[in-house]
Structure formats: structure tokens, C-alpha cells
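Below, each chain spelled out in residue letters.
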Amino acid sequence: MTEGTESTAVLDRPREERRGPTPLGLPAGLLRTARPRQWVKNVLVVAAPAAAGELFSRHALTQVALVFCLFTAAASAVYLINDARDAEADRAHPVKRNRPVAAGQVPVPVAYAVGAVLAALAPTAAAALCNPMTAALLTAYVGMQLAYCVSLKHVLVVDLVVVTTGFLMRAMIGGVALGIPLSRWFLITTGFGALFMVSAKRYSEAVQMADRDGATRALLSEYTTGYLRFVWQLAAGVAVLAYCLWAMEEGGVARSSLLPWRQLSVVAFVLAVLRYAVFADRGTAGEPEDVVLRDRALAVIGLMWLAMYGLAVADW
């Protein structure tokens with residue numbers, strides 16, 4: 001590289017990278033790299049205890065809060081290591097170049113070090129404060145996500161399965177920590193519901209990048225929009241079917257309430273899937289939490305389902 005080319009390259013880098021890390025900016029940069037907006041996904045840890053009607057004891061609430069923190073630490077570790085590994089590639093991206101690691105606010109060795117500490121700390125704390133199965137699940141999550149960062153995100157279909165499994169692990173871990181048996185319908189509905197949202201997001205990315213040169217994710221160019229549409233439609237159908245079978249199965253009839261809340265919750269669940277499918281079909285289904293939070297109708301339907309589901313669980 002010539003001196004003139006090197007100077008131009010330096011000028012093209014983000015201002016934060018040229019300025020270098022500062023003592024006050026490092027903690028803020030680490031926090032940004034840990035993706036606080038993504039932590040809302042970890043609320044799924046309440047799913048299994050809530051489904052079993054065992055969420056509202058002091059012990060359950062304490063354990064669920066602890067598991068939420070541990071899963072957040074594990075997920076943050078993956079984000080830190082991923083951004084450290086992709087720092088050079090991110091600097092060439094018009095948006096990702098502003099990430100703290102790529103911009104130089106967080107040095108790459110520091111991101112690796114903090115990520116490694118969190119990756120080791122989360123399962124260790126789970127083994128001490130919860131149970132061995134919780135620690136094993138967190139270890140499996142970290143290992144799977146790191147493998148995804150290194151290579152699995154470049155493998156067709158496997159990338160969808162890994163991201164979906166991450167959501168499923170979030171939904172399972174609360175029950176694992178409390179020793180609650182996990183219903184087969186819970187696992188099927190949660191797994192395929194997650195696949196629906198993940199494949200809808202991929203489909204939307206593929207649609208949005210169809211007319212642009214150089215997709216942000218190389219794998220998107222290998223998927224066809226028709227295939228991704230098939231996946232999210234199949235996943236939505238299986239999730240709805242599993243939920244209906246759970247709601248209508250023998251033993252699911254309300255004992256004392258005037259209305260069959262368990263069966264009625266099917267209506268809200270199907271409406272939520274149909275509403276989410278509108279965004280998937282338009283190619284505007286981004287991060288699941290963003291879709292839910294920005295659409296008032298979907299949020300209202302979600303609250304309706306939550307109320308009906310809560311009444312159904314309370315009446316078991």
C-alpha cells in the first residue's frame with residue numbers, strides 16, 4: 001500500500017476508530033456491543049414456568065430473574081466475540097462500521113477478553129446457583145452460537161436451525177432451572193414459532209437486498225425468496241396446528257371458569273400469526289421485537305392472547 005492510499009484509507013475510517021478508545025468511552029462501547037436492545041428476547045425465559053402455571057412463587061421469580069441475567073451474559077459474550085472477529089469486515093460496511101469494535105471505541109483484544117470472561121462466567125454461575133442442566137444448556141448455547149459466528153452462519157438451512165434453536169433454548173431454560181417438565185406441545189409450538197419469525201426475517205432481508213449489489217449477508221444470495229417464503233409459511237402452519245392441538249387436547253377443559261379460555265386463546269394466537277405474516281409477506285419483518293413493538297394492532301393482539309393464556313393456566 002502506498003503512502004497516499006494509506007492516508008485515504010485512514011480518512012475513510014470512522015471518526016471513533018481514528019480517535020481511538022477513551023477511558024470513559026470503553027464501558028459505553030462494551031455495553032453497546034452487548035446489544036441491550038436484544039435483551040428483550042431473553043424475556044422468553046419466563047415461557048416454560050408461565051406455561052406450567054408455576055411462575056408466581058418467590059422461588060420461581062428469583063430463579064427466572066437469575067436465569068434472565070445469566071442468559072443475557074451468555075448472549076452478550078457471543079456478541080462481543082462476534083464483533084471482535086468481524087471487526088475488519090465490519091469496517092467496510094456502511095452501517096456496521098459504526099459498531100464500537102469496528103470503530104475502535106473497543107479494542108479487539110478487550111472485546112475478546114470480556115466476551116471470554118462472560119462466556120465462562122454464565123455457565124459457572126448457573127452450575128453454582130441453579131442446577132447442572134441449566135449450566136449445560138447455557139454451555140451448549142454459547143458453543144452453538146460461537147460455532148455459528150465462525151462457520152455455521154454460512155451453511156444453508158443450518159443457519160436457520162441454529163438461530164431458531166437459540167430462541168427455543170431461551171424458552172426452555174426457565175423450566176430447566178426450576179425442574180419443570182417441558183410439554184411436547186410447548187416445545188413444538190415454540191420451536192416452529194421461532195422458525196417462523198427467523199425465516200420471515202431472512203425472507204425480508206432477501207427481498208430488500210434483491211435489487212442491491214452485494215448483500216450484507218453472503219448466504220442471502222444462496223437462498224431464493226421462494227424457498228424462504230415456503231419455510232415461514234410451513235413453520236407458521238405447524239406452530240398454529242401444535243397450539244390448537246394443545247388447546248383442544250383432552251384434559252384442557254376449564255374446571256371452574258365460565259369461558260373456555262384455553263380454547264379461546266387459539267383465536268388470539270392465530271390472529272397474531274396472521275398479523276405477523278402481513279409484515280413477512282411485505283418483506284418488512286425485521287427483528288421480531290421491533291415488529292411487535294412498532295405495530296399497535298399486533299401488540300394489542302399479543303396482550304389479548306397473554307390475558308387469555310394467563311386465565312387458562314390459572315384455571316388448570
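Anything mentioned here points back to the structure above.
Throughout this description, residue numbers start from 1 for each chain and increase along the sequence as written. It should be noted that, the model being predicted, local features are given only for residues of pLDDT at least 70 and side-chain atom pairs only at 80 or more, the latter also being counted only at that level, while totals for whole chains, interfaces and linings use all residues. Side-chain numbers here rest on the full set of heavy atoms in the structure, without hydrogens or water.

### Describing the pattern of salt bridges
One speaks of a salt bridge when a side-chain nitrogen belonging to Lys or Arg is within 4 Å of a carboxyl oxygen belonging to Asp or Glu. Throughout the structure, instances matching the rule amount to 14 salt bridges. Arg35 serves as the salt-bridge partner of Asp83, at 2.8 Å between the closest nitrogen and oxygen. Here Arg35 lies in the loop between α3 (25-33) and α4 (47-51) and Asp83 lies in helix α5 (residues 58-85), a separation of 48 residues in the sequence. We note that Asp83, like Arg35, is buried. Residue Arg202 is joined to Glu205 by a salt bridge in which the shortest nitrogen-to-oxygen separation is 3.9 Å. Of the two residues, Arg202 and Glu205 are both situated in helix α11 (residues 184-209); the distance of three residues between them amounts to about one turn of the helix. For Arg202, a relative accessible area of 4% gives the class buried. Within this structure, Lys41, Asp159, Lys201, Arg202, Glu205 and Glu287 form a network of salt bridges that share partners. Numbering of helices and strands runs from the N terminus; a helix is a DSSP stretch of H or I covering at least four residues, while a strand is a stretch of E covering at least two. A 1.4 Å probe rolled over the protein chains alone gives each residue an accessible area, and that area as a share of the maximum for its type sets the label: buried under 20%, exposed over 50%, partly exposed in between.

### Re the environment of Thr33
Relative to the helices and strands, Thr33 is located in helix α3. Given a relative accessible area of 1%, Thr33 falls into the buried group. The spatial distance from the C-alpha of Thr33 to the C-alpha of Val101 is 7.5 Å, given a sequence separation of 68 residues. Those residues within four positions of Thr33 in sequence are excluded, and the remaining contacts are Tyr79, Leu80, Asp83, Pro100, Val101 and Val106. Working rule for contacts: check all heavy atoms of both residues, and any pair within 4.5 Å makes them a contact.

### Focus: helix α15 (residues 296-314)
To estimate how far a helix should reach, multiply one less than its number of residues by 1.5 Å. When the terminal C-alpha atoms of α15 are compared, their 27 Å separation across 19 residues agrees well with the 27 Å that a helix rising 1.5 Å per residue should span. All of the buried residues along α15 are Leu298, Ile301, Met308, Tyr309, Ala312 and Val313. In a view along the axis of α15, the buried residues occupy a sector of 135°, so they form one face of it. Facing away from the buried side of α15 by over 90 degrees, the exposed positions are Arg296, Leu303, Leu306 and Ala314. By arc we mean the arc of the directions from the helix axis to the C-beta atoms, nothing more.

### A word on the environment of Thr165
Structurally, the position occupied by Thr165 is in helix α10 (residues 158-178). A relative accessible area of 23% means that Thr165 is categorised as partly exposed. Taking the C-alpha atoms as reference points, Thr165 and Met144, separated by 21 residues in sequence, lie 9.1 Å from one another. One polar contact links the side chain of Thr165 to the main-chain carbonyl oxygen of Val161, over a distance of 2.7 Å. Whenever a nitrogen or oxygen atom comes within 3.5 Å of another N or O atom, the pair is scored as a polar contact, on the condition that within protein one atom can donate a hydrogen and the other can accept it, and that pairs from neighbouring residues in sequence are kept only if both atoms are in side chains.

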